Amino acid sequence: MHIIVCIKQVPDSAQIRVHPVTNTIMRQGVPAIVNPYDLYALEEALRLKDRYGGRVTVLCMGPSQAEAALRKALSFGADEAILVSDRAFAGSDTLATSYALAAAIRQIQKDMAVDLVFSGKQTIDGDTAQVGPGIARRLGLQLLTYVSKIEGIDVEKKEIVVHRRAEGGAQILKTRLPCLVTILEGVNEMRFATMGDMFRAARYPLKVWDKDAAGIEDIEKVGLKGSPTVVAKVFAPQPRAQKAERIETQTGAPADLAVTLLAKLFTRYPHIEREIRKQAG
Amino acid sequence: MTAEAPSTTPAKKPAGRRRVEFDPRLAAYKGVWVFIEHEHNRVHPVSWELLGEGRKLADRIGVELAGVVMGEPGAATRDFCSEAFHYGADLCYLVEDPVLAQYRNDPYTSSLTALVREYQPEILLLGATTLGRDLAGSVATTLGTGLTADCTGLNIDMENRSLAATRPTFGGSLLCTIQTLNYRPQMATVRPRVMQMPERNTDRTGRIVEQRIALAEADIMTKVLQFIPDANQEQARLEYADIIVAGGRGLKRPENFQLVWDLASVLHAEVGATRPVVQAGWVSAERQVGQTGKTVRPKLYIAAGISGAIQHRVGMEGADVIIAINEDPAAPIFDFATYGIVGNAMQIMPALTEAFRQHLATAKLAG
Ligand SMILES: Cc1cc2nc3c(=O)[nH]c(=O)nc-3n(C[C@H](O)[C@H](O)[C@H](O)COP(=O)(O)OP(=O)(O)OC[C@H]3O[C@@H](n4cnc5c(N)ncnc54)[C@H](O)[C@@H]3O)c2cc1C
Ligand SMILES: Nc1ncnc2c1ncn2[C@@H]1O[C@H](COP(=O)(O)O)[C@@H](O)[C@H]1O
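These figures come from a predicted structure and were not determined experimentally.

Looking at this structure, how should I read the overall build of chain A?
Looking only at helices and strands, chain A features 7 helices and 15 strands. What you see for chain A is a C-alpha radius of gyration of 24 Å, clearly larger than the 19 Å of a compact globule of 281 residues, by over 25%. Oriented by its inertia axes, the alpha-carbon framework of chain A measures out at about 75 × 45 × 40 Å. Contacts in chain A between residues at least 24 apart in sequence constitute 71% of all its contacts with a sequence separation of at least 6. Taken as a whole, chain A presents about 12400 Å² of accessible surface, with 52% of it coming from carbon and sulfur. Considering chain A, the positive charge centre built from 38 side chains and the negative charge centre built from 32 side chains are found 3 Å apart.

Please explain the domain arrangement of chain A as it appears in this structure.
For chain A, the assigned domains read domain 1 (2-221) and domain 2 (238-281). The C-alpha centroid of domain 2 of chain A is placed 48 Å from the C-alpha centroid of domain 1 of chain A.

What exactly am I supposed to notice about the sheet that holds strand 10 (residues 174-180) of chain B here?
Each strand in a sheet pairs with its neighbour through backbone hydrogen bonds, running either in the same direction (parallel) or in the opposite one (antiparallel). Judged by pairing direction, the sheet is antiparallel, and its 4 strands sit side by side in the order 14(A)-10(B)-9(B)-8(B) without closing on themselves. Every other strand in the sheet has two partners, leaving strand 14 (229-235) of chain A together with strand 8 (153-157) of chain B as the edge strands with one partner each. Averaged over all neighbouring strand pairs, the angle between strand axes comes to 30°, with direction disregarded. Where strand 14 of chain A meets strand 10 of chain B, 6 bridges bridge the pair, whose relative direction is antiparallel.

In this structure, what is going on with the sheet that holds strand 8 (residues 116-120) of chain A? I would like to understand it.
Reading across from one edge, 13(A)-7(A)-6(A)-1(A)-8(A)-12(A)-9(A)-10(A)-11(A)-13(B) is the order of the 10 strands in this open sheet, with mixed pairing throughout. The sheet terminates laterally at strand 13 (207-209) of chain A together with strand 13 (223-229) of chain B, the two strands that pair on one side only. Here the average twist between neighbouring strands, direction ignored, is 30°.

What exactly am I supposed to notice about the site of ligand 1 here?
In the vicinity of ligand 1 there are 29 residues, among which Arg249(B), Thr274(B), Thr292(B), Ser307(B) and Gln311(B) approach most closely. Of the chains in the model, those with residues near ligand 1 are chains A and B. Gly305(B) is positioned with one of its backbone polar atoms (N or O) 3.2 Å from an oxygen atom of ligand 1. A distance of 3.2 Å separates a nitrogen atom of ligand 1 from a polar atom in the backbone of Glu327(B). Out of a free accessible area of 980 Å², ligand 1 has 86% covered by protein chains. Elements with a minimum of two residues in the shell around ligand 1: helix 7 (275-279), helix 8 (310-316) and helix 9 (345-366) of chain B. Of the residues that constitute the shell around ligand 1, the class distribution is 7 nonpolar, 17 polar and 5 charged.

Even after reading the chapter, I still don't get the packing of helix 4 (residues 131-139) of chain A against helix 4 (residues 130-143) of chain B, so can you show me in this structure?
Between two packed helices, what matters for the description is the angle formed by their axes and the separation of those axes. Taken N-terminus to C-terminus, the directions of helix 4 of chain A and helix 4 of chain B make an angle of 45°; their axes are 8 Å apart at the nearest point. Considered as vectors, helix 4 of chain A and helix 4 of chain B are oriented oblique to each other. In terms of crossing hand, the pair formed by helix 4 of chain A and helix 4 of chain B is right-handed. Taking contact as the criterion, the partners of Pro133(A), Gly134(A), Arg137(A) and Arg138(A) in helix 4 of chain A are, on helix 4 of chain B, Asp134(B), Gly137(B), Ser138(B), Thr141(B) and Thr142(B). A per-class count over the contact of helix 4 of chain A with helix 4 of chain B returns 1 nonpolar, 5 polar and 3 charged.

What is the right way to look at unusual backbone geometry in this model?
Trans is the prevailing form of peptide bonds, just as negative phi is the prevailing case for residues other than glycine. Look at the link from Leu177(A) to Pro178(A): it is a cis peptide, with omega at -5°. Here Pro178(A) is to be found in the loop between strand 11 (169-176) and strand 12 (179-183). Along the chain, Arg184(B) connects to Pro185(B) via a cis peptide bond; the corresponding omega equals -5°. Along the chain, the position of Pro185(B) falls in the loop between strand 10 and strand 11 (186-190). Its identity as a non-glycine residue notwithstanding, Tyr146(A) has a phi of 50°, on the positive side. With respect to the secondary-structure elements, Tyr146(A) resides in strand 9 (residues 142-154).

Looking at this structure, how should I read the pattern of salt bridges?
Side chains carrying opposite charge are able to pair once their charged atoms draw close together. All names here are of chain A. Under the definition given, this model contains 44 salt bridges over all chains. Taking the shortest distance from any N to any O, the salt bridge between Lys264 and Glu245 comes out at 2.8 Å. Residue Lys264 is found in helix 6 (residues 254-268), and its partner Glu245 is found in strand 15 (residues 245-246); the two are separated by 19 residues along the sequence. Classification of Lys264 by relative accessible area gives partly exposed; the value is 34%. Take Glu245: its relative accessible area is 28%, and that puts it in the partly exposed class.

Rules used in this analysis
- Residues numbered from 1 in each chain as written.
- Chains lettered and ligands numbered in written order.
- Predicted model: local features only at pLDDT ≥ 70, side-chain atom pairs only at ≥ 80, totals over all residues.
- Heavy atoms only, no water.
- Helix = DSSP H or I, 4+ residues; strand = E, 2+ residues; numbered from the N terminus.
- Rg over C-alpha atoms; globule rule 2.2 N^0.38 Å.
- Contact = heavy atoms within 4.5 Å.
- Areas by Shrake-Rupley, 256 points an atom, 1.4 Å probe, with all protein chains shown as cover.
- Lys, Arg positive; Asp, Glu negative; His and termini not counted.
- Charge placed at Lys NZ, Arg CZ, Asp CG, Glu CD.
- Domains from an automatic or database assignment.
- Pairing = 2+ DSSP bridges.
- Axes fitted to C-alpha atoms, helices over the stretch in contact; angles between N-to-C directions.
- Near = heavy atom within 4 Å.
- Polar contact = N/O pair within 3.5 Å; in protein donor to acceptor, adjacent residues only side chain to side chain.
- Nonpolar A, V, L, I, M, F, W, Y, C, P; charged D, E, K, R; others polar.
- Parallel < 35°, antiparallel > 145°, perpendicular 65-115°, else oblique.
- Left-handed = near helix turned anticlockwise from the far one by under 90°.
- Salt bridge = Lys/Arg side-chain N within 4 Å of Asp/Glu carboxyl O.
- Buried < 20%, exposed > 50% of the residue type's maximum accessible area, 1.4 Å probe, protein only.

Encoded structure:
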């Protein structure tokens, strides 16, 4: 079983601050992390490896610093790591990214057949959930998104059965390998890195592929040129014109505050009272 | 993350407008389409919300609004077309085939891309649901066009007649407007409840354009073995709830979250929560409201011990009335709530529950 896991290095958006005056992103000191959603994909791949044997290759497209994300993945037990990095990729949107990653996966396949490609549900910076489906389409792989559970793999028949989160329930799907699976968040818990793997990860000779090594055939399809979407403007959310009306009473006692609030609410918004009555039956 | 770093985040591109010569061939693409999503005989309401929004866009550029209905042959599938007319569509493209009985990526992607190639819409909208995101990503890649995910606003840039799709970026702290300049169709997904539900007008009708596709079950590699409906349907309920009581980290301890449930039960409301509370395991992930949770649009949203961070706010500011209880008078939630009570949620919540209970009881007696 050879599984490729696509991981992205992202800024820890919990720590991103917007400059209050200029509305620009203050990136200084914001740590880069492995996209949290991708760790569920990695753990699921490692579990399949534990179950069926095989190899896990982690693949990342990004600047040279993204090496850190790959080493992190190695420390959890990934077998091999490849960084796809080239200035030509700068400004790639999801369409261009899936083109570059699909090309790299074809290259990997030349050395060893690939049974499964995993990706996270989405990234916390791009947040589009499109790169996975994009890669599947480009490689002609069956696509299984929002997978919450891998029921099992029939290695002989090359078939996989998964639970997929759909609206209002779970779809149980069976398909043929190779296929692309995007893993839902929260479905597993990442294992602890072992000392041995941490040492190995630190010393591991990463493969870094430029556009040629990654097998990019059409340079027009990556970077800004290969990206149909254009950011026309970035701006701060509109502050609401009006601040909250403060509910205050003489005593400040909770019961008084509550009664005062209800009186104001139901006078100004009779439809809310109607709604509450409707719900209450 | 530097500006020249390879990235997939559109916002990292220079924020200026890139000048692109308009390809005259693109003028052949006309009309606004909305994909009508249905499963288990029920259309997802996001499709009607999108028809409402699509209507505005179509009127702005003076074109027709079409619904795209795909499913197994039969009256149910056709009824969805009539419904689409009631919600504002001028016409519907209808693909009926047994292979489309349940959603699967492959046959849906090939059918939708075939339709787009044949009839060339300039704008194609889908719901940002699990189904819609799955389908939109595949269709956009197959067509080689741009797709803007999870938009919170759609508009037309009249200067170049293109779709201006606005979405949160950088963890919700900023918004960005994205355009697909030299590719058609321009695709976007929008989350349920972001757009308003249009009026349903049963007098409206439209025409149906039927399209055959040649797909054999034997050629489709993915099979649906089973569908297991959720035991608790709370997933769908929260987004469409009319009254929501939500709690945040200000409640301090998991036991105190009971105060939220207590008030909700008096109001027959749904319960929502902030992300830290979900991550701490106080309530299930289905109840998270916000950028990485649900977008809600209730008539009344009561927020207890919630700071009002932008990532939470984007999920609930569409509420008609917001009541905030927070002990910090400077909490951001007071900047956009309707009513604010500065105080300890552990004392205010029981008082509020009691006041609502009494009000409902007396009114019942009076009525
Ligand atoms: C990429 C990204 C996505 C995110 N997505 C979401 C999302 O979808 N949804 C979401 O909610 N968050 C999301 N967040 C997190 C968000 O930024 C905030 O951290 C979160 O909303 C804060 O939750 P809170 O208000 O419960 O907690 P806090 O920010 O800790 O606020 C607690 C509040 O309670 C008040 N308080 C304390 N004690 C009391 C008391 N006794 N009585 C009354 N008030 C009290 C405090 O004054 C404070 O204002 C996201 C963050 C990132 C980076
Ligand atoms: N630059 C990248 N390198 C490797 N994998 C990526 C990259 N960008 C996106 N992915 C994968 O695609 C998934 C969806 O990303 P997105 O479409 O940006 O939300 C992520 O969870 C990753 O698994």
